[in-house]
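# Structural description and commentary
Residues per chain, in single letters:
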Amino acid sequence: MRGSRFRWLLPTYLGLGLAYLFMPVLLVIMFSFNDLRGRFNVRWQGFTFDHWLDPFRVPAIPRALGPSLTIAFLSALVSTVLGTLIALALVRYRFRGKAATNVSLFMPMATPEVVMGSSLLALFVAVQAATGFVTILIAHILFNISYAVATVRARIAGYERDLEEAAMDLYADEWQTFRRVTLPMIMPGVFAAFLLGFALSFDDFVISNFTAGSVQTFPLYVWGAARRGIPPQVNVWGTVVFLVTVTVMLLYLRWQRRSALKRA
Amino acid sequence: MTAATVSGPAVSAASAARRRRRIPYLLLLPGMAWLLLFFFLPLAQLVVTSLEEGSLEAGFNFAWAWDNYGALFTTYRGQFLRSLVFAGIATLLSLLIGYPLAYAIAFRTGRYKPLFLVLLLMPFLVPFLLRTLAWRIILADEGLVVTTLQSIGILGSSGRVLATPMAVVAGLTYNLMPFMVLPIYVALEKMDKALLEASADLYGSPFVSFWKVTWPLSLPGVISGTLLTFIPAAGDYVEVELLGNPQSAMVGNVIESKFLNVIDYPAAAALSVGLMVVVVFLVVFYVRRVGTEELVT
Amino acid sequence: MTSPGSGVPAVELVSLTKEFADFVAVKELDLAIDDGHFFALLGPSGCGKTTTLRMIGGFEEPSSGIVRLHGEDVTGLKPYRRPVNTVFQSYALFPHLTIHENVAFGLRRQKIDPGEVNRRVGEVLELVQLTGRGRQRPRQLSGGQQQRVALARALVNHPRVLLLDEPLGALDLKLRKEMQIELKRIQQEVGITFIHVTHDQEEAMTMADTIAVMHGGTIERMGHPDEIYEDPRTTFVAGFLGASNLMDARVISPEQGKLVLGDGTPVWIEPSRLMNGATTVSVGVRPEKLHLSAPDSPLETPNRVPGTVTDASFTGASTQYLVDTQQIGEVAVTIQNLGDRRFRANDQVTVGWYPEHCFLVT
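Residues numbered from 1 in each chain as written. Chains lettered and ligands numbered in written order. Predicted model: local features only at pLDDT ≥ 70, side-chain atom pairs only at ≥ 80, totals over all residues. Heavy atoms only, no water.

## Overview of the overall build of chain B
Put simply, the rule is: By the criteria applied, helices consist of DSSP H or I runs no shorter than four residues and strands consist of E runs no shorter than two, each listed in order from the N terminus. The quantity called the radius of gyration is restricted to C-alpha atoms. Its globule counterpart is 2.2 Å times the number of residues to the power 0.38. Here the Shrake-Rupley method, with its probe set to 1.4 Å, supplies the accessible areas, and only the displayed protein chains count as covering residues. Neither His nor the chain ends is counted toward charge; the positive residues are Lys and Arg and the negative residues Asp and Glu. Here the site of a charge means atom NZ of a Lys, CZ of an Arg, CG of an Asp or CD of a Glu.
In terms of helices and strands, chain B carries 13 helices and two strands. A compact globule built from 297 residues should have a C-alpha radius of gyration of about 19 Å, whereas chain B, at 26 Å, is more than 25% larger. Seen through its C-alpha atoms, chain B measures out along the principal axes to roughly 100 × 75 × 35 Å. Within the structure as shown, chain B displays about 14,000 Å² of accessible surface, and the carbon and sulfur contribution to it stands at 68%. Treating the 19 positive side-chain charges of chain B as one cloud and the 17 negative ones as another, the clouds have centres 13 Å apart.

## Remarks on the overall build of chain C
Threshold: When a residue's accessible area, from a 1.4 Å probe over protein chains only, is under 20% of the maximum for its type it is buried; when over 50% it is exposed; and in between it is partly exposed. We call two residues contacting when some pair of their heavy atoms lies within 4.5 Å.
Looking only at helices and strands, one finds eight helices and 20 strands in chain C. Looking at chain C residue by residue over its 362 residues, the buried ones come to 53%. For chain C, the share of sequence-separated contacts (at least 6 apart) that also reach a separation of at least 24 residues comes to 65%. In the form shown here, chain C has an accessible surface area of approximately 15,900 Å², with 49% of it arising from carbon and sulfur atoms. Distance between charge centroids for chain C: 8 Å, based on 36 positive and 44 negative side chains.

## Concerning the pattern of salt bridges
All names here are of chain C. Spelled out, the test is: Whenever a carboxyl oxygen of Asp or Glu lies within 4 Å of a side-chain nitrogen of Lys or Arg, that contact is scored as a salt bridge.
This structure, assessed with the given rule, holds 24 salt bridges over all chains. Between aspartate 231 and arginine 233 there is a salt bridge; the shortest N-O distance is 3.5 Å. Judged by its relative accessible area of 44%, arginine 233 falls in the partly exposed class. When salt bridges with common partners are traced through the structure, they connect Glu116, Arg119, Arg120 and Glu123 into a single cluster.

## Focus on the interface of chain A and chain B
The condition is simple: Take the accessible area each of two parts loses on contact, using a 1.4 Å probe, and add the two losses: that sum is the buried area. Here a polar contact means two N or O atoms within 3.5 Å. Within protein one must be a hydrogen donor candidate and the other an acceptor candidate, and residues neighboring in sequence count only if both atoms are side-chain atoms.
Listed by partner, the interface residues are 83 residues for chain A and 83 residues for chain B. Buried surface at the junction of chain A and chain B, both sides included, amounts to about 7,900 Å², of which 80% is carbon and sulfur. Taken together, chain A and chain B are joined by three salt bridges. Taken together, chain A and chain B are joined by nine residue pairs in polar contact (both at pLDDT 80 or more). Put simply, the parts of the chain that give the side of chain A that touches chain B at least two residues each are helix H1 (9–30), helix H3 (60–92), helix H4 (98–110), helix H5 (113–126), helix H6 (133–157), helix H9 (206–211), helix H10 (218–228) and helix H11 (232–263) of chain A. Top contributing element to the side of chain A that touches chain B by residue count: H1(A), with 14 residues.

## Focus on the domain arrangement of chain C
Residues and elements named next belong to chain C. Operational definition: Residue ranges for the domains originate in an automatic or database domain assignment. Each residue gets one label: Ala, Val, Leu, Ile, Met, Phe, Trp, Tyr, Cys and Pro are nonpolar, Asp, Glu, Lys and Arg are charged, and the others, such as Gly, are polar.
When cut into domains, chain C gives domain 1 (11–236) and domain 2 (243–361). Taking the mean C-alpha position of each, domain 1 and domain 2 sit 39 Å from one another. Each partner contributes to the interface: domain 1 provides seven residues, whereas domain 2 provides eight residues. Roughly 660 Å² of surface becomes buried between domain 1 and domain 2 when both sides are summed, with 47% attributable to carbon and sulfur atoms. Run the count over domain 1 and domain 2 and you get one salt bridge. At the surface where domain 1 touches domain 2, the tally comes to three residue pairs in polar contact (both at pLDDT 80 or more). Residues that form the side of domain 1 that touches domain 2 fall into these classes: two nonpolar, two polar and three charged.

## Observations regarding empty space enclosed by the protein
Defined as follows: Points on a 1 Å grid over protein atoms alone make up a cavity when a 1.4 Å probe fits among them but cannot get out, and a pocket when they form an open set with protein on both sides within 12 Å along at least five of seven lines; lining residues each have an atom within 4 Å of a point. Grid points are joined across faces, edges and corners, and a volume is the space filled by probe spheres set on the points.
Taken as a whole and judged by the stated rule, the model has five cavities of 30 Å³ or more. Each pocket or cavity is described by its volume, and for the largest cavity that value is around 180 Å³. Looking at the largest cavity, it is lined by 16 residues, and the ones nearest its centre are A:Asn41, A:Val42, A:Ile230, B:Leu133 and B:Ile137. Taken together, the elements giving at least two residues each to the lining of the largest cavity come down to H1 of chain A together with helix H5 (128–138) of chain B. With five residues, the top contributor of residues to the lining of the largest cavity is H5(B). Partitioned by chemical class, the residues of the lining of the largest cavity number eleven nonpolar, three polar and two charged. There is about 50 Å³ of room inside the second largest cavity.

## Observations concerning the side chain of C:Ser282
Considering the arrangement of structural elements, one finds C:Ser282 in strand E14 (residues 280–285). Those residues in contact with C:Ser282, other than ones at most four positions away along the chain, are C:Leu246, C:Met247, C:Asp248, C:Phe359, C:Leu360 and C:Val361.

## Overview of the packing of aromatic side chains
Just so we agree on the cut-off: Here a pair means two rings of Phe, Tyr or Trp (six-membered ring of Trp) with centres within 6.5 Å. Their orientation is stacked below 30 degrees between planes, edge-to-face above 60, and tilted elsewhere. The rule is short: NZ of Lys or CZ of Arg within 6 Å of the ring centre and within 35 degrees of the ring normal puts a charge over the ring.
Evaluated as defined, the whole model comprises 41 aromatic pairs over all chains. With a centroid separation of 6.1 Å and 35° between ring planes, the pair formed by A:Phe191 and A:Tyr252 is classed as tilted. Linking A:Phe191 in helix H8 (residues 174–203) with A:Tyr252 in helix H11, this pair joins segments that are 61 residues apart in sequence. Lying over the aromatic face of C:Phe105, C:Arg109 brings its terminal NZ or CZ to 4.6 Å of the ring centre. Taking NZ or CZ as reference, C:Arg286 lies 4.1 Å from the ring centre of C:Tyr229, over its face.

## Some details on the packing of helix H7 (residues 165–175) of chain B against helix H8 (residues 177–190) of chain B
Residue and element names in this part refer to chain B. Rules: What counts as an axis is a line fitted to C-alpha atoms, over the stretch in contact for a helix, and the angles between N-to-C directions run from 0 to 180 degrees. Any angle that falls under 35 degrees is termed roughly parallel, while one over 145 is termed roughly antiparallel, one within 65 to 115 roughly perpendicular, and all others oblique.
Viewed as axis vectors pointing N to C, H7 and H8 meet at an angle of 40°, and their least axial separation amounts to 4 Å. By the criterion of interaxial angle, the relationship of H7 to H8 is oblique. Across from Thr173, Tyr174 and Asn175 in H7, the residues of H8 making contact are Met177, Pro178 and Phe179. Here the residues of the contact of H7 with H8 are counted per class, giving four nonpolar, two polar and no charged.

## Section: a positive patch on the surface
Put simply, the rule reads: Patches in this entry comprise residues that are over 30% relatively accessible and not in a salt bridge; like charges within 9 Å are linked, as are nonpolar side chains (Val, Leu, Ile, Met, Phe, Trp, Tyr) within 5 Å.
Taken together, the side chains of A:Arg179, A:Arg180, C:Arg108 and C:Lys111 define a basic patch exposed on the protein surface. Inspection of the secondary structure puts C:Arg108 in helix H2 (residues 99–109). C:Arg108 gets classed as partly exposed once you look at its relative accessible area, which sits at 40%.

## Examining the pairing of strand E19 (residues 348–353) of chain C
Residues and elements named next belong to chain C. What counts here: DSSP calls a pair of strands paired once it identifies at least 2 bridges connecting them.
Burial of E19 is extensive: five of the six residues sit out of reach of the surface. Where strand E15 (residues 291–293) and E19 come together, three bridges link them in antiparallel fashion. Paired with histidine 291 across the strands is glycine 352, a residue of E19. The pairing of strand E16 (residues 303–314) with E19 spans six bridges and is antiparallel.

## What about the environment of C:Val190?
Residue and element names in this part refer to chain C. Mapped onto the secondary structure, valine 190 falls in helix H5 (residues 173–190). Counting along the chain gives 119 residues from valine 190 to glycine 71, while the straight-line C-alpha distance between them is 21 Å. Those residues in contact with valine 190 that sit more than four places away from it in its chain are Leu127 and Leu155.

## Brief notes about the sheet that holds strand E13 (residues 266–268) of chain C
Two orientations exist for strands paired in a sheet by backbone hydrogen bonds: parallel and antiparallel. All names here are of chain C. If you walk across this open sheet you meet the five strands as E13-E12-E11-E14-E20, and the pairing is antiparallel. Two strands lie at the open edges of the sheet, namely E13 and strand E20 (359–361), each paired on one side alone. Looking at each pair of strands side by side, their axes are set apart by 50° on average, direction ignored. Bridge analysis of strand E11 (residues 245–253) against strand E12 (residues 258–260) gives three bridges, and the strand direction is antiparallel. Considered in E12, the bridge of serine 253 is made with lysine 258.

Rendered as C-alpha cells:
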C-alpha cells in the first residue's frame with residue numbers, strides 16, 4: 001500500500017495499539033501481587049503472594065461469585081436455545097415479518113444498558129415484582145438473545161441448505177434431519193453463543209444494578225467495594241476470570257480449527 | 001384411480017404446506033415472546049412511568065405529566081448535552097485509534113491474523129469494572145500519563161486528568177474499542193484485495209486507492225462501529241462514577257441515581273425515554289443506510 | 001405398487017405447475033418416463049428443469065398437478081417418504097461423517113439391520129470403485145471421488161428412481177467425459193430409472209435413452225437423442241442441440257417434397273416431413289451435413305447454392321467454414337478433414353446437401 005519507506009508504520013502502530021489495550025490488563029494482574037498497606041489499591045508498594053494464597057479472605061467475594069456463575073450459566077443456556085431457534089427461522093425460512101424481526105433483534109443491542117435496565121425496573125415496579133435472582137436472570141437472558149442469534153446465524157448461513165435436503169432425501173424426517181445434520185453442523189456456533197452469553201452475563205454490571213434487588217453478583221460487589229477501596233483479592237479473582245476465559249477461548253478456537261480441518 | 005385417492009394427497013399437500021408455513025413462526029415464538037415481554041413491554045412501561053406524578057411516600061399515579069420531560073431541557077440539560085458530547089468525542093477517538101488497528105490486522109498480519117484478533121479481544125476478558133478501575137492507576141496524579149503531559153506543557157504543573165472529563169472520555173474510548181474495531185475489520189476483511197491491485201494498476205496512488213476504494217468499502221463497518229460505540233457511550237454512567245467527578249455527570253448518572261437512590265421514577269423514566277429517542281433516531285438512520293438484513297450479523 | 005417392466009411409467013407428471021412469487025417455473029407439464037430408462041431433462045438455466053426434478057424428489061411442492069411414482073400419487077409426500085434418491089449438484093456430502101457413514105445414512109434411517117447395512121455399503125462402494133475409502137471424510141477425496149460417493153449414497157437405497165441434478169457440473173472436462181461413461185455403465189448395471197438434469201447437450205446425448213428439451217417451463221421436444229438431433233422441429237431445440245443453418249422456403253409440391261427459396265432456387269426435402277400442410281416453412285440443415293466444392297467440380301447433391309468463403313478455421317478433426325450465399329445468407333459448414341481440398345477465404349464454392357438431411361422447424 002504505502003511506499004516502502006513507510007512500511008514500518010502500520011506494524012509499529014499495531015504494536016503500540018496492543019500495548020495500549022493491554023496496559024489495564026497488566027495493571028489488574030500486577031496489583032493482585034501488590035503488598036498493600038491501607039485501603040486503596042492504586043499505588044505499587046511491593047511484591048507479595050499473600051493475596052493469591054488467601055483468595056477467600058474477603059468472604060463477600062465467593063458469596064458474590066455463586067449467583068454470578070449460576071446466572072451466567074442459566075442465562076447463557078436459555079438464550080442460546082431461544083436464539084438458535086430464531087436463527088434457524090431467519091436463515092432457513094422465508095416468512096412475512098422478517099425485516100421487523102431483524103429490527104426487533106437489533107434494538108436490544110442498540111439500546112443503552114441504562115435504558116434497558118431502567119425500563120425493566122420500571123416494569124418490575126409497576127407489576128410489583130420483587131427484584132432479585134429471577135429478575136436478573138430474566139434481564140440477562142434478554143440481552144443475550146440478540147447476540148446468540150447473531151452468532152448462530154453466522155454459522156447456519158455458512159453451509160448449504162442441500163445438506164438438509166440430502167438428509168430428507170435419505171429417509172431422515174424433520175427431527176432426525178435436525179438431530180443428525182443441522183445440529184452437528186451448527187454446533188460450533190451454538191457453543192460459541194453459549195460462551196459469549198456466559199461471558200456477557202458474568203461481566204454485566206449496569207443491567208444487574210437495576211434488576212438485582214439485594215442479590216449481589218461479582219460486578220455488583222466490585223462496584224460497592226470501589227467506594228470503600230478494592231481489596232487485592234478482587235484483582236486475584238479478576239485475574240482468575242481473565243485466565244479462565246482466555247483459556248476457554250483458545251481451546252474453543254483450537255477445537256473449531258481442528259473440526260474445520262476435519263470437515264472444511 | 002378413484003377421485004378420492006387423487007384428492008387425498010392433494011388435500012394433505014395443502015395442509016402440509018400450511019404446516020410448513022407455520023414452522024418459522026413456531027421457531028420465533030419463544031425468543032420473540034421473551035423480547036416482547038421483557039424488552040418492548042418495559043419500554044412501553046417506561047413511557048407510562050415517565051408521565052406519572054407523585055412521590056415515593058404518596059405513590060405515583062399516571063397523569064399525563066409532560067412536565068417530566070421539561071427537565072430534559074432545563075434542570076438536566078447540562079447532563080444530557082454532556083452525554084452527547086462525551087460520547088461524540090469518545091466515538092471519534094475510537095474511530096481514529098481503531099481504524100488503523102482494524103486496517104493493520106486485516107491487511108498486514110498475513111497468516112497470523114487469528115492470533116492478532118485474539119490479542120485484540122483478550123483485554124476485554126478482564127472484568128469490565130476492574131479494567132476501568134485500572135485506568136485510575138494509569139491516570140493517577142503522579143502517574144506516567146500526567147507527568148508526561150505536564151512535562152510537555154499540555155497540562156499545567158498542578159493539572160490533573162483523573163476526576164476530569166478527560167478521564168471519562170479516555171475510559172469510554174478504551175472500553176468501547178472492540179465495538180469500533182470489529183465491524184471495521186469485518187468490512188475490510190470482506191474486501192477483495194485484488195481491488196487495490198486494480199486501483200494501483202489504473203494509476204491510483206496509495207492515497208487515492210485508500211480514499212477511493214478502501215474507505216468507501218469499509219464505510220458500512222465504520223457506520224455500524226460508530227453506532228455501536230456512540231450508543232453505549234451516551235448511556236454510560238460507570239466511567240463518570242469511577243473516573244470522573246460530579247461536575248462531569250452524564251444523563252446515565254442522573255437516571256441511575258433517580259431510579260436507585262432518590263427514587264423519583266417519573267423523572268428518571270423521562271430521561272431514559274429521552275435517551276432512547278436519540279438512539280431510535282440513530283438506528284433509523286442506520287437502517288435506512290445499511291438495510292435490515294445485516295443488522296444482526 | 002407395480003413391479004418394474006409392467007408398463008406403468010416409473011414417473012408420471014400430470015399437468016404439473018410451479019409458480020414462484022414473480023414467475024412461473026414449470027407450466028402444466030405432462031410427462032411419463034418409462035421404467036429402467038436413462039432420461040435426461042435438458043435445457044438452459046431457468047428453463048424449469050431443476051424445479052421439475054425437485055418436485056419429483058419432494059423438495060418443492062407443485063402449485064398444482066400430480067406426481068406419480070410407479071402409478072402411486074406422491075404429490076404431497078415429504079422427500080423421506082418417496083422411493084427416490086437424489087445426487088445433488090453440490091454432492092451435499094455430510095462433512096461431519098465418514099464416507100461409510102455418509103453412504104449408510106439412508107439405510108440406517110430405514111432401520112436396516114447393521115450387518116446388512118455394512119454389506120450393502122461395501123457392495124456399493126465397490127460398484128463406484130471406492131473400496132477402502134470408507135473411513136475417510138468427504139474433504140479428503142477428490143472432486144470425482146466425492147461425486148461417486150454422492151452416487152453411492154443414493155444408489156445404496158435401491159431407489160425406484162434416481163434423480164441427478166447436474167451431477168457432473170463441478171468436474172473438469174476430462175473427468176466429466178470419464179464419469180459420463182461410468183454413469184451410463186452403472187445405470188445399465190443396476191437397471192434403475194435415472195432422471196438426469198443437465199444444460200450440456202453433449203452430456204445428455206452421450207448418456208440418455210430419451211431426452212426432453214425444456215424451454216420456458218414446458219417440454220419443447222422429447223425423444224431419442226439422434227431423433228431429436230436430426231429432427232428438432234423447433235428453432236429453439238435446433239439451436240440448443242448444436243448449430244444449424246435455417247432458411248425460409250415456399251412449398252411447391254408437398255408430394256415430391258419440392259420447395260423454393262426466395263429467389264426461386266429449388267430445395268428438395270423428405271416429403272414425409274411436409275405433412276402439416278403449411279405453405280411457407282423454415283428449413284434447417286446441420287453444418288456437418290453440408291458439402292463444399294469448387295464451382296468447376298459440381299456436387300451430386302440435389303440441393304445446391306453458390307457462395308463465397310468468408311472464413312475458414314481449422315480445428316484439427318474438421319474445418320469450419322463460413323460461406324456467404326445470396327439465397328440463404330451466411331452458412332456454417334463443417335467438413336471432416338479427410339485430406340480433401342481445403343478452401344480459403346474469398347474462394348468461390350458451391351454448398352450442397354441431401355434432402356434427407358433437411359428438417360423443418362417452427
